[in-house]
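Spelled out from the first residue to the last, the chains are:
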Amino acid sequence: MAAPATPGTADGAERLVIENAYIATVDAAGTEYAHGHVVVAGGRIESVGAGSAPEGLTGVTRRVDATGHLVTPGLVNTHHHFYQWITRGLATDHNLFNWLVALYPTWARIDEPMTYAAARGSLAMMARGGVTTAMDHHYVFPRGSGDLSGAIIRAAAETGVRFTLARGSMDRGEKDGGLPPDFAVESLEGALAATEETIDRHHDASFDAMTQIAVAPCSPFSVSTELMREGAELARRKGVRLHTHGSETVEEEQFCKELFGMGPTDYFASTGWLGEDVWMAHCVHMNDCDIDAFARTGTGVAHCPSSNARLAAGIARVPDLLAAGVPVGLGVDGTASNESGELHTELRNALLINRLGPHREAALTARQALRLGTHGGARVLGRGDQTGSLEPGKLADLVLWRMDTLAHASIADPVTALVLGAPAPVTLSLVGGRTVVEDNHLTTVDEDAVARSTREAAQRLAQIAAGG
Ligand SMILES: Nc1nc2[nH]c(O)nc2c(=O)[nH]1
């Protein structure tokens, strides 16, 4: 979608001016300004460039001296499971299948208040670390648990970040050869109807949308072939995106070969799950033909290096995916398999872990890692024309990272400092020009209150799961 004219910039518009910053725009040419400015008006970027802001600007309500700061586009998270915030630190030495089997019975007891508390915790952690666009792949809907999708969307609106809810689903329980217990799955018809209702109620297709919905059956070993096919048809009828887990582990590959007689990528192709409107989490076990199929169809990838290491899944072939032209973003993944819950670690680990693969030191640069975590992610979510880079007319989703403290001051290059250094303090984070973080604190929600409510929810869930 092309950027419409920046609204609210006629005389009388309010402007925020940021000056004296190192600016990494992450535009197509990778333009950077060692000493530059950004002007925000009407929720959009009005100008970005070298030196001070243009003289004679009217309506300047705030001028930020960003000396010692790096300004980047806000980070974009492309894969997460918010509800897992209240089951962190469990089954810590398991591979994916054993971990899922250990946790499904607990997850099947979540209710609306727990889901809301967990979503607030997940969102707060990401937002205070510079995420301006978040997503949640929520696929556990216990019978009678309330309006879980509504609770998650409310939490995102309160936190103030741009948001995609990938309405997940599982309908292949143990009795149908799936991994989840039968009590943890929905019916095919129930899952499709609830997904359609969520789209109708909440999806916003506008340029500056704060809430979008995707259709997201969970994974080949927890979803029937009918739900994959009919889910794809539903998404295309409604004009929304499609998301699922794919090619995460050798066990999944084996499952697909045994049940469907083909590997995961061929299975996805056979069910309508390759295309420009699809993005898939993990994509670790892909051969050259699989990568070629993703590149030809424009299918995107959410790379989740920390979770892949935590669950011993393997190393995704990110340099090969990028070389083939596959859109790639980064994902925290659920915090039951990545307890840190913030996206900076994924920029760092994407670079480090990929250097353990065959491309060694040529695998990824710091600037490529920043691109994955910003414009790459926006593209994967279908929002690359709206956010993910600092360019006039795009949404004012941006972060001022403080680079002059003990943690970073001795590293000359700010992008290297951001990606390879410790998580940098966030002096200011804007979503559509609205402040979400100021001086390293969330301005939209009370972080301590969120922490307390997540602890209570985690304790309540643990008690219920233990039969209390
Ligand atoms: N990392 C994860 N992989 C998954 N596959 C699946 O079916 N569920 C999950 C999950 O929660 N995390």
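For the structure given in this document, a descriptive report is provided here. Predicted model, so just to flag it, every value in this text is computed and none were measured.

1. Thoughts on the sheet that holds strand β10 (residues 241-246)
Turning to step 1, where the next piece is worked out: On the basis of which strands lie adjacent, the open sheet formed by eight strands has the order β6-β7-β8-β9-β10-β11-β12-β13 and parallel pairing. Because the sheet does not close on itself, it has two edges, and the strands there are β6 (75-76) and β13 (328-330).
Turning to step 2, where the next piece is worked out: Note that strand β12 (residues 300-303) and β13 share three bridges and pair parallel. The residue of β13 that forms the bridge with V301 is V328.

2. Regarding empty space enclosed by the protein
Turning to step 1, where the next piece is worked out: One pass over the full model with this rule turns up one cavity of 30 Å³ or more.
Turning to step 2, where the next piece is worked out: A volume near 120 Å³ is recorded for the largest cavity.
Turning to step 3, where the next piece is worked out: What lines the largest cavity is a set of 17 residues, among which L96, L100, Y139, H245 and E248 lie closest to the centre.
Turning to step 4, where the next piece is worked out: The dominant element in the lining of the largest cavity, judged by the number of residues it contributes, is helix α1 (residues 96-107), at four residues.
Turning to step 5, where the next piece is worked out: In terms of residue class, the lining of the largest cavity is made up of eight nonpolar, seven polar and two charged.

3. What about the site of the ligand?
Turning to step 1, where the next piece is worked out: Near the ligand you find 15 residues, and of these Q84, Y139, S219, E248 and D333 are the closest.
Turning to step 2, where the next piece is worked out: In this structure, S219 approaches the ligand through a side-chain N or O atom, which is 2.6 Å from an oxygen atom.
Turning to step 3, where the next piece is worked out: A distance of 2.8 Å separates a nitrogen atom of the ligand from a polar side-chain atom of E248.
Turning to step 4, where the next piece is worked out: Taken by itself the ligand offers 290 Å² of open surface, and the protein chains cover 100% of this.

4. Points about the packing of aromatic side chains
A ring pair, where both rings are aromatic, is described by two values, the distance of the centres and the angle of the planes.
Turning to step 1, where the next piece is worked out: Per the counting criterion, the structure on display carries 11 aromatic pairs.
Turning to step 2, where the next piece is worked out: With centroids separated by 5.8 Å and ring planes inclined at 25 degrees, the aromatic side chains of F82 and F163 adopt a geometry described as stacked. Of the two residues, F82 sits in the loop between β6 and α1 while F163 sits in strand β8 (residues 162-169), which places them 81 residues apart along the sequence. No difference in accessibility class separates F82 from F163, as the two residues are buried.
Turning to step 3, where the next piece is worked out: Residues W107 and Y139 carry aromatic rings whose centres are separated by 6.5 Å and whose planes lie at 85 degrees to one another, so their mutual orientation is edge-to-face. Of this pair, W107 sits in helix α1 while Y139 sits in the loop between β7 (131-138) and α3 (148-159), and the two are 32 residues apart along the sequence. Y139 shares its class with W107; the two are buried.
Turning to step 4, where the next piece is worked out: The structure contains a cluster of three or more aromatic residues connected by ring pairs, namely F97, F221, F255, F260, Y267 and F268.
Turning to step 5, where the next piece is worked out: Directly above the ring of W85 sits R88, whose terminal nitrogen or CZ lies 3.7 Å from the centroid.
Turning to step 6, where the next piece is worked out: In this structure, R167 packs its charged tip against the face of F141, placed 3.5 Å from the ring centre.

Thresholds, definitions, all that
Residues numbered from 1 in each chain as written. Predicted model: local features only at pLDDT ≥ 70, side-chain atom pairs only at ≥ 80, totals over all residues. Heavy atoms only, no water. Pairing = 2+ DSSP bridges. Helix = DSSP H or I, 4+ residues; strand = E, 2+ residues; numbered from the N terminus. 1 Å grid on protein atoms, 1.4 Å probe; cavity = no way out; pocket = protein on both sides within 12 Å on 5 of 7 lines; lining within 4 Å. Points joined across faces, edges and corners; volume = space filled by probe spheres on them. Nonpolar A, V, L, I, M, F, W, Y, C, P; charged D, E, K, R; others polar. Near = heavy atom within 4 Å. Polar contact = N/O pair within 3.5 Å; in protein donor to acceptor, adjacent residues only side chain to side chain. Areas by Shrake-Rupley, 256 points an atom, 1.4 Å probe, with all protein chains shown as cover. Phe/Tyr/Trp six-rings, centres within 6.5 Å; stacked < 30°, edge-to-face > 60°. Buried < 20%, exposed > 50% of the residue type's maximum accessible area, 1.4 Å probe, protein only. Lys NZ or Arg CZ within 6 Å of the ring centre and 35° of its normal.

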